[in-house]
Every structure is written in structure tokens, then in C-alpha cells.
2 protein chains.
Amino acid sequence: MTQSQSTNELPTAVDFSHHINSRSRARHPSPLKDIIRFMAVEDMVSLAGGLPHPSFFPFHTVTVTASAPTAENSLCSLELPLEGFLQYGSGSGNAELRAWCREFTQRVHRPAYADWEVLLHPGNTNAWGKVVGLLCEPDDYILCESYTYPSAQAFWIPLGNKAAPVPSDAEGMRADALAQTLREWDDSHPGARQPRVLYLVSVGSNPSGVTMSTKRRQDIYDVCVEHDVIIVEDDPYFFLQYPEYNASQVAMDDPELVGNDEFLRSLTPSMLQIDHQGRVIRLESFSKTLAPGLRLGYFVANSVFTERLLRATEVETQDPSGLSQALTLRLMQSWGIGGYLGWLQGLSVEYRCRRDWMIDAFSQHFRLENAAEDSRALVAHLSDIPIFSFVPPTGGMFIWACFYLSQNSAFKQLRHDENVVDPEQTVADQLWRQFAEAKVLLTPGSYYHPWEGPDKITTHARGATPSTTNFRFSFSMTTKEEMERGIARMARVIRASWKLDQLVG
Amino acid sequence: MTQSQSTNELPTAVDFSHHINSRSRARHPSPLKDIIRFMAVEDMVSLAGGLPHPSFFPFHTVTVTASAPTAENSLCSLELPLEGFLQYGSGSGNAELRAWCREFTQRVHRPAYADWEVLLHPGNTNAWGKVVGLLCEPDDYILCESYTYPSAQAFWIPLGNKAAPVPSDAEGMRADALAQTLREWDDSHPGARQPRVLYLVSVGSNPSGVTMSTKRRQDIYDVCVEHDVIIVEDDPYFFLQYPEYNASQVAMDDPELVGNDEFLRSLTPSMLQIDHQGRVIRLESFSKTLAPGLRLGYFVANSVFTERLLRATEVETQDPSGLSQALTLRLMQSWGIGGYLGWLQGLSVEYRCRRDWMIDAFSQHFRLENAAEDSRALVAHLSDIPIFSFVPPTGGMFIWACFYLSQNSAFKQLRHDENVVDPEQTVADQLWRQFAEAKVLLTPGSYYHPWEGPDKITTHARGATPSTTNFRFSFSMTTKEEMERGIARMARVIRASWKLDQLVG
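Described in the following lines is the structure provided in the data block. All of these numbers come straight from a predicted model, not from anything done at the bench. (Residues numbered from 1 in each chain as written. Chains lettered and ligands numbered in written order. Predicted model: local features only at pLDDT ≥ 70, side-chain atom pairs only at ≥ 80, totals over all residues. Heavy atoms only, no water.)

Some remarks on the overall build of chain A
Secondary structure summary: chain A contains 17 helices and 19 strands in total. For a compact globule of 505 residues, the expected C-alpha radius of gyration is about 23 Å, and chain A comes in at 25 Å, within 12% of that figure. For the C-alpha atoms alone, the extent of chain A along its principal axes is close to 90 × 60 × 45 Å. Within chain A, the fraction of its 505 residues that count as buried is 62%. A sequence separation of at least 24 residues applies to 74% of the contacts in chain A between residues at least 6 apart. By element, 49% of the accessible surface of chain A is carried by carbon and sulfur atoms, the whole surface being about 19300 Å². Taking the average place of the 44 positive charges on the side chains of chain A and the average place of its 60 negative ones, the gap between the two points comes to 3 Å. (Helix = DSSP H or I, 4+ residues; strand = E, 2+ residues; numbered from the N terminus. Rg over C-alpha atoms; globule rule 2.2 N^0.38 Å. Buried < 20%, exposed > 50% of the residue type's maximum accessible area, 1.4 Å probe, protein only. Contact = heavy atoms within 4.5 Å. Areas by Shrake-Rupley, 256 points an atom, 1.4 Å probe, with all protein chains shown as cover. Lys, Arg positive; Asp, Glu negative; His and termini not counted. Charge placed at Lys NZ, Arg CZ, Asp CG, Glu CD.)

Following this line, the structure appears as C-alpha cells:
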């Protein structure tokens, strides 16, 4: 579609109400509609609402000093609107802020169907929980990437849900693998309902760091249409997209920014942008672009889904914090959409710079080589031994490293020990502790193993590649010097654990 | 116990872990503990945390003008702490704010066991949902008052839970009725598990307006000990407690405040104060005392429960809004506990005044008489016909009126019409609409009917008193003049609907 195409010409969403689970269907309609309609009548005396009187709220003005969107060290002063933000809301959030989110979504994602809606929520963690509450029956399997976000899983595991992981490559989840999983479902999972929900972090995925290519998105979407799968796009890193890593290009301290339209064109399109049916539920968050402490984000979805999500919101959380809403609204009014896009581009430059620092630090202590085949992966060697490989991320905050254990001395012993149930994990645990004792903390790959049930815990049972394990590196929080120090420490631990110094000496 | 008794001398909580439901048990322990422990090590380089860098948060200062706690028209200026409040938190909320809540709880409620904990939450609506997620299995019955808060029910109904309402009187839920319900449970509800959770709004109950007496609290508590029931005390109106209504005492515009200790002594004790076992989960909220838009409150409960509630918080909501936490912390630091208690006493005077306005307005249009027996109820008459009765509330924001329909002309016709399934509700619906058309809005009593299943909807099937229906009056939001206007309109509608003018004329 072209940007000039008006929403009116777009198709309306397909009816996906058959996806709504029994629990969500059982929500009684809000009985307050009649009252709210009458409240608008002139001269009405309402003795109905059980609200505290706003004259007893002890807050009168809130003034915030905020960054200007692009000019560094420049500040703006914001006087927050308080009326309405201190009182109970309707559940869907402030109407002005919702309208802003709608306009921003139209500008950035240009959804390809007409009747999409915006509903505020208190952060993507909560939003994902509400989506599970909307779509999943107990014991349903949920399609996800081959490694997936622990908090999302930690929500669904107690409900009896399990992960149906789909293999990925350097372009993200494989569409052929997704199609195969769904086609062969009844044989591979006798008695289990075919998965109907795909949970996806498709930009700078946590933990894999991979950003799904445009072509791959379209292919994944087509498979989901064919098998009637709802796509839940948890996309906090969408604006943190970077060009490919280039070792010869020194990270720029003060790179030139491009215009907003060019910035938007540089971004891989979201699944929402591809969606012409209303099949995508997008979870949008201000946590990575403004501040997590706001606990604020919004759903973009078809109106049948947002109506049910609103019913859940009314009884599960109510409106997000009024202060967070007021601050975000006033900031956006002050910055404008153009200013916010400038801010986002500035952010992406900062995080790109940190990605480069991290890979540069790898290259100081390891010999980086392209992987043999036409993959985008790099392999880090020490003493000509491949230690780990990774795909240099083009988005997000993470580098996901696959460690090769076959030359590791402890692993070589343990792999033949019949008493060791999962030698890969045993060595991974040892390594993690050795790293920590050498004062460098990584996140263990095991945190991201999809939960397929208690019988699929070990490396072997999960069907993972033998003699490998994973660690996640985050490049968001440390300085260049700290990264270099941390990677140097890691290299020392690896030399010892692989007994490389003995090898050479 | 005396106030000087130290926490150390108190017993620890009874082990209530058998109350934790299977879903809550199935929550995996947070895998981050190891990482967090190592993070504190000096010179540690953490590449583990996936947090956005705080230097990219665009907020620098937040300044709030707030009321001084007691002196009217006096303001104080608060500079909010931002460090830590803009970043992701641990789930349990800011430690300083939690410590303040703990100190305040100790001062006000003096829990009678040692190992109670405080955990922040984003409002009592969400907190109640988390408690259901902690304690209730699907299809469990939940003990509640004979009329109960709709949002609490709207949460549990889709889960398959049902209400087990317990008859009340002017002192609140009847302990003998609670004991009988539990004793006869297996006969009255064959196949259903005995209720293990009591949901209670024991001060200024919504909708009944009743505040449970001290003696009754002790009796209810004892029954819960005998039958091993966990008490969930949803107590947003605790500090809005008033003396009895006295028609001859004109509401004071500027009453004298008493000292904080005397104010606290004037309050009915909470269930938490009576609890010596750790059997009470208290849901505390700032919504009615500061502002609902904060979406902030806290649990007080035994540590076994708070640990599981924290696990749920981590994956369902994370910390409450950082801005709301920072504002509440700074306000409390500025006011001090003494100042906040003064603020609360001031609030209670304001709402007490509004209660008096409302009952005074009743007395302008109806003849109020004490109910015949030794009940605290008043009966409102028109033309010597009893129209409705109510217990003048000594807390909260609501007056709950029971309307007598036997002399209502429409009801007299409908009650003998075999085609009318529920004549009481039919007349209630008509009346509500007639009120609304005369420009006075009340809340229909049907909103508060406990949900006992689809076969217990009608007045008859619910076992409600025949020829009656209820409406809730809120006195929190309108001026004296609006109340008088609203009640005058209501009286006119009643005259017409009861055909009282014809009667007289």
C-alpha cells in the first residue's frame, strides 16, 4: 500500500473471534455502559460513581525537565496535565494519549487493514499475560523461537502451556520449519491442540539478537494465514535497528542523522505492517525508548481482540499509572512525532555504537572469522580453536553466542561419564561460575530454553546441537572500557578451561 | 498486645502453604538470584542484565507542588528522586517505599505476628487478581458479603469461581451465618470444595456501606481459624471512618481535629490487627487517600504468601509505575507518618460531612424513622408508606438502600403476572430508568448480586427478600446542592411510581 492510501479504502479485519478462549468469552460485559451514557446528560446528578473527590487529591502541579529530542544537552520544561490523570480512568487509557499512539502507529507501521485499535497497557510483560488470557486454553502449545524470553514463558508455564519452538537461522524463525511444525503437528503431538499463537520478538530478539528479514516476515505471515495462527509481536526493540557490523568502520561518536522518512525506510517493517487481515497483535512499549519505570505501552490489534482485552484490563489492572500517561503525553506533545522519531534515531545510533564496542572487544581477544557457509555468523577462535560463534546483531541489545565445547577439557571428560545426565549443561554451569569468579557476568543460555515439559530438559532431550551451549552478552549497560575488561577476563577463563596455554606451551 | 511489645516477642506465622494453589506452586523460581548475588561483587563487569542505559532516559527532574498535610491552602514543593525509579525494578517495589509502608503498617495495625511482609502492587484491583491466582483453584467458591464488589467478581467469574454469599446485618457479615455456611457446606454444595477464601471489604463496604464492629471481627476471625479460611481484607476506606450519624448535629465546616493517637484509637481495628496467625492478606491502596491515578498500593501478608505473590508480580506486572512510587515516597518523606495521619483525619472529616449532607437530604424529602427492632437502620417514608431503609454508614462513600416494593403500583401488577420471571428486578430496572430520565443516577443493586451461577439470578432463586430491591447512593462526588436536587428528583419519581399523589389526593 502507499502512504497516501486512506484507511477508508482498506479492508476490514477478518473475523478472528473463534480464537478467543473460553475464559475470555466468559467475561461478563461491563454493566456500566448505561450509566456512562446517561452521565453525559446535561444537569444530571450522578449519585452512581464511587469515585474519590478530586478536590482531595494532594497534587497540584507537576513540572518535568526533559531532554530535547535531538539537540544534546538541551532541555525542555513540561507542565503535566493532571486533570483526569489522577482519577480512575476507563481502562483503555487517556483518549488523547491513545490518539497520539494511533497517529504514531499510522505514521510508522501503516497497518494494511482499516479497523485496528489502540489500547494502553502497563508494559509488555503485562500485555503478554493479557494476550495469553485472551487466546490460550490451558495446555495449549505456544509457537516461539528456538530460544525465547524467560518472563513470557514464566507466565505461561503455571497455566499448563508449553512451548513449541521453531528452528531459526540468521534471518530469524524459519518459515519452512514453522510450516513443517504445523503440518506434522498431529503426528508429533498426538492429542494436543494445534498451536494457534505465535510469540515473536522479531527485532533484536531476546536472546538471539536476530532481526527477521523482510522476506522472512512475509513467509512467516503466509504460513500463519494458511494455518490460522495469531501472531503476537512483542517488539520493544523495533527502533533499535542498526546497519550490519563492519569491523573496518570505527564506531562513530557523532554520526550524521538522516531525515525521519529515511530513518523509517531504513527499518525492517513490523509484522503489523505486513498484516492485511488483523492477525497480528502488536505489543508496543515505551520501556526501551523512554524509560521502563513508566510501565506504559499499548496494544495494536483488531477491534474484536481489543474489546476483549479492555474487558480484561477493567478487572485486572485498570488504566496504567496516570502520572506515566500524563508525562508521556506531554513529552510527545512537546516533541511532536517528528521529534520523537529524531530521538529514536539518536537512540539507535547510541546502541549501535555499543554493539560495535562489544564486537570490537571480541576481536581484541579472539580471532573472528566468517562462518564457512554463506551464513552471517562470525566464529571467535583462540589458538585456532573455534570457541564460539554469533550473528552480529542488527537490532536490540544482545549478542547470542553458541559455545563449542568439543575441545573443552572438562567436557571431553564428562561426555563419556555415564553418571552425567547433561554434560553440556554441567560444563555450562561450571563455565558460568568461572566467568563470575573472574568478575564477568553473562546470562546462561539455559534461561532461554523453551519449556516443552519436564521430559525435555537436557541438551539431548531438547534436540539441541550436541557439544554446544549458549551464553547471552548484553551490550546495553556497560562502557567500552568495561566491555574490554570483561571480555579479557572471559578469554582468560576460556584459555584455562580449554587448557589452551598448555596446548601452546 | 501493647504497642510497646516488640516484634521479636511475637509468634511467627502459622504455615499456610497448603493454601497455595497448583498454579502458584507451579511457578518456577526466578533464575536470576545467582546473577543478582554476584552483581554486588566489587569490580564486577556485568554483561548479563538486559536493561536500557539510564543515560538515555529523557527525564531529568520532576518537581511537584503538593498540599501540606493539614494546613489548608498551604503547599509544599517536592523534588522527586528519579534514580532507580526510571529503570526496571525487582518486582517488589522500591525498598525505601516498602520500608515506609512497613513502618506505617506497624504504627496503624500493629500486626500480632512477627514475620509479615510488605509487597507493592499497582492497585487493589490487580492485587485481588493476584490473590485469586495465589489461592483459588478453578471452580472454587469464594466467601463474600451478601452484596459484593462487582470488579472483584468480574475477575473470578471467567475462572469458573462462584460466590458463596454470607448474610449480613448492621454490624457486617454475620459470624453465625459464616459458621453455618461452612458447617453445612458439604450438604448444601455436594461435590464442591469447601471455600478457603473470604473476600471482605470490612470498612464502609462497597456497596453496603457497613463497617464491621470490633466484636464481629473477632468472631469472624475465630470462625475462619476453626475452618481454616484465609481472609482477604480489601480495605481502601479504612481511614474514612466516621462517628454515627446524628440528625440533630449539623455537619461541621471546620471541626476540631484530635491528635493522631486519638484518631487511630477511634478507628475500628483492621482484620490484620486481630490476626495472630498470618491468616489475613491485607490489600492496602493509596487510591482513596491520595489519588487513584497513582495505581499504587501494597500487600501485607505472611512471608510464604508474599514470596509467591512476588513470583507472580515478576511475570504479570513487574514494579508499579516508578513515577507513582517516587511521588508517594517523597510525599510521605515530606509529610512524615504524623503528617499523613493528619491528612487522613482531614479526609475522614470531609467525607463524613458529605455523608451527613446526603442523609440530611433524605430527611428533607422523606420522613426518617428508626426501624422497629434494635437495628441501626433508618426507614424513609413518604405519605406514611415505608419506601426504603438504610443503615447510616460510619465509613466509606456509600449508602445502600433497600427499597420496599410491595406498595409500588407497577410491582403490585407484575407480581401476579406469570410471564414475569423476576418482578422485583423488572420494577428495579423501570425505576432506575425513571430516575435517570428525571436526571438522578443511582447504581442498580443488581450490580452487586453475588454470582452463584446462571441458575441463581432471579430474586427468588437468589433467596433475596421478596418484594425488595436495592440501590446504591454514593456521597463522594456531589455538592450539597446537587445531592438535595438529586434526592428531590428521586422523591418525585417515587411519588409517581407508587402513585402516592393519587393516594393522598
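Additional details are given in the paragraphs that follow.
Some remarks on the sheet that holds strand S15 (residues 385-390) of chain A
Residues and elements named next belong to chain A. Reading across from one edge, S13-S14-S15-S16-S19-S18 is the order of the six strands in this open sheet, with antiparallel pairing throughout. Lying at the two open borders of the sheet, with one neighbouring strand each, are strand S13 (367-370) and strand S18 (443-444). Bridge count for S18 against strand S19 (residues 468-474) is two bridges, and the pairing is antiparallel. In the strand pairing of S19, Thr 443 is matched with Arg 472. Helix-sheet contacts for helix H12 (residues 322-365) involve S13, strand S14 (378-382), S15, strand S16 (398-404) and S19, and the interaxial angle to S13 is about 110°. Seen against the sheet, helix H14 (residues 423-437) touches S16, S18 and S19 and runs at an angle of roughly 35° to S19. (Pairing = 2+ DSSP bridges. Axes fitted to C-alpha atoms, helices over the stretch in contact; angles between N-to-C directions.)

Remarks on the interface of chain B and chain A
Each partner contributes to the interface: chain B provides 103 residues, whereas chain A provides 103 residues. Of the roughly 8900 Å² buried where chain B meets chain A, counting both sides, 63% is carbon and sulfur surface. Of all residues in chain B, Leu 47, Phe 56 and Leu 441 of chain B give up the largest surface area on contact with chain A, accounting jointly for 10% of the area buried on that side. Where chain B packs against chain A, one counts four salt bridges. Its salt-bridge partner being Asp 43 of chain A, residue Arg 489 of chain B comes within 2.5 Å of it at the nearest N-O pair. Inspection of the region where chain B meets chain A yields 46 residue pairs in polar contact (both at pLDDT 80 or more). Top element by residues in the side of chain B that touches chain A is helix H12 (residues 322-365) of chain B. It accounts for 12 residues. Classifying every residue of the side of chain B that touches chain A gives 58 nonpolar, 26 polar and 19 charged. Examined bridge by bridge, strand S1 (residues 45-46) of chain A and strand S17 (residues 440-441) of chain B share two bridges and lie parallel to one another. Residue pairing for S17 of chain B: Ser 46 of chain A is matched across the bridge by Leu 441 of chain B. (Buried area = accessible area lost by both parts, 1.4 Å probe. Salt bridge = Lys/Arg side-chain N within 4 Å of Asp/Glu carboxyl O. Polar contact = N/O pair within 3.5 Å; in protein donor to acceptor, adjacent residues only side chain to side chain. Nonpolar A, V, L, I, M, F, W, Y, C, P; charged D, E, K, R; others polar.)

Digging into the relation of the copies chain B and chain A
Structural alignment of chain B on chain A gives an RMSD of 0.0 Å, achieved by rotating through 180° and translating 0.0 Å along the axis. Within this description, the copies of the chain are treated as partners about a two-fold rotation axis. Closest to the rotation axis within chain B is the C-alpha of Thr 63 of chain B, separated from it by 2.6 Å. A shared interface surface links the copies, since 100% of the contact residues of chain B are contact residues in chain A too. (Least-squares fit on C-alpha atoms with pLDDT ≥ 70 in both.)

Considerations on helix H8 (residues 214-227) of chain B
All names here are of chain B. For H8, which comprises 14 residues, the first-to-last C-alpha distance of 20 Å matches the rise-based estimate of 20 Å (1.5 Å per residue) to within 8%. Listed in full, the buried residues belonging to H8 are Arg 216, Arg 217, Ile 220, Tyr 221, Val 223, Cys 224 and His 227. End-on view of H8: buried residues confined to an arc of 160°, all on one side of the axis. Residues of H8 that are exposed and angled more than 90 degrees away from the buried face: Lys 215 and Glu 226. At the C-terminal side of H8, Asp 228 shows a positive phi close to 55°. (Expected span 1.5 Å × (residues − 1). Arc of directions from axis to C-beta.)

Section: unusual backbone geometry
The omega torsion across Asn 206 of chain A and Pro 207 of chain A is 15°, close enough to zero to call that bond cis. Relative to the helices and strands, Pro 207 of chain A is located in the loop between strand S9 (197-200) and helix H8 (214-227). In the Ramachandran plot, Asp 384 of chain A falls in the positive-phi region, its phi being about 65° despite a non-glycine side chain. Counting through the fold element by element, Asp 384 of chain A comes out in the loop between S14 and S15. Residues other than glycine seldom take positive phi values, yet Ser 467 of chain B does so here, at roughly 65°. With respect to the helices and strands, the residue Ser 467 of chain B is situated in the loop between helix H15 (459-462) and strand S19 (468-474).

Side note on the nonpolar core
Counting residues in each nonpolar core, the largest one holds 324 residues, and the members touching the most others are Trp 128 and Phe 403 of chain A together with Trp 128 and Phe 403 of chain B. Apart from the residues lying within four places of it in its own chain, the contact partners of Trp 128 of chain B are Ile 142, Ala 152, Phe 155, Trp 156, Val 197, Tyr 199, Val 232 and Leu 283 of chain B. (Core = buried A, V, L, I, M, F, W, Y, C linked by side-chain atoms within 4.5 Å.)

Thoughts on the sheet that holds strand S3 (residues 75-79) of chain B
With antiparallel pairing, the four strands of this open sheet are ordered in space as S3(A)-S2(A)-S2(B)-S3(B). A strand with exactly one partner marks an edge of an open sheet, and here the two such strands are strand S3 (75-79) of chain A together with S3 of chain B. With strand direction ignored, the average angle separating the axes of adjacent strands in the sheet is 15°. Relative to strand S2 (residues 59-67) of chain B, strand S2 (residues 59-67) of chain A is paired through seven bridges, and the arrangement is antiparallel. Bridge pairing in S2 of chain B places Val 64 of chain A opposite Val 62 of chain B. Where H12 of chain A meets the sheet, its contacts fall on S2 and S3 of chain A together with S2 of chain B, and the angle it forms with S3 of chain A comes to roughly 145°. Across the sheet, H12 of chain B is in contact with S2 of chain A together with S2 and S3 of chain B; its angle to S3 of chain B comes to roughly 145°.

Thoughts on the packing of aromatic side chains
All names here are of chain A. With the rule as written, the count across this model stands at 56 aromatic pairs over all chains. Here Phe 403 and Phe 471 contribute two aromatic rings whose centre-to-centre distance is 5.2 Å and whose plane-to-plane angle is 80°, an arrangement assigned as edge-to-face. Of the two residues, Phe 403 sits in strand S16 while Phe 471 sits in strand S19, which places them 68 residues apart along the sequence. Classification of Phe 403 as buried rests on a relative accessible area of 0%. With a relative accessible area of 1%, Phe 471 lands in the buried category. (Phe/Tyr/Trp six-rings, centres within 6.5 Å; stacked < 30°, edge-to-face > 60°.)

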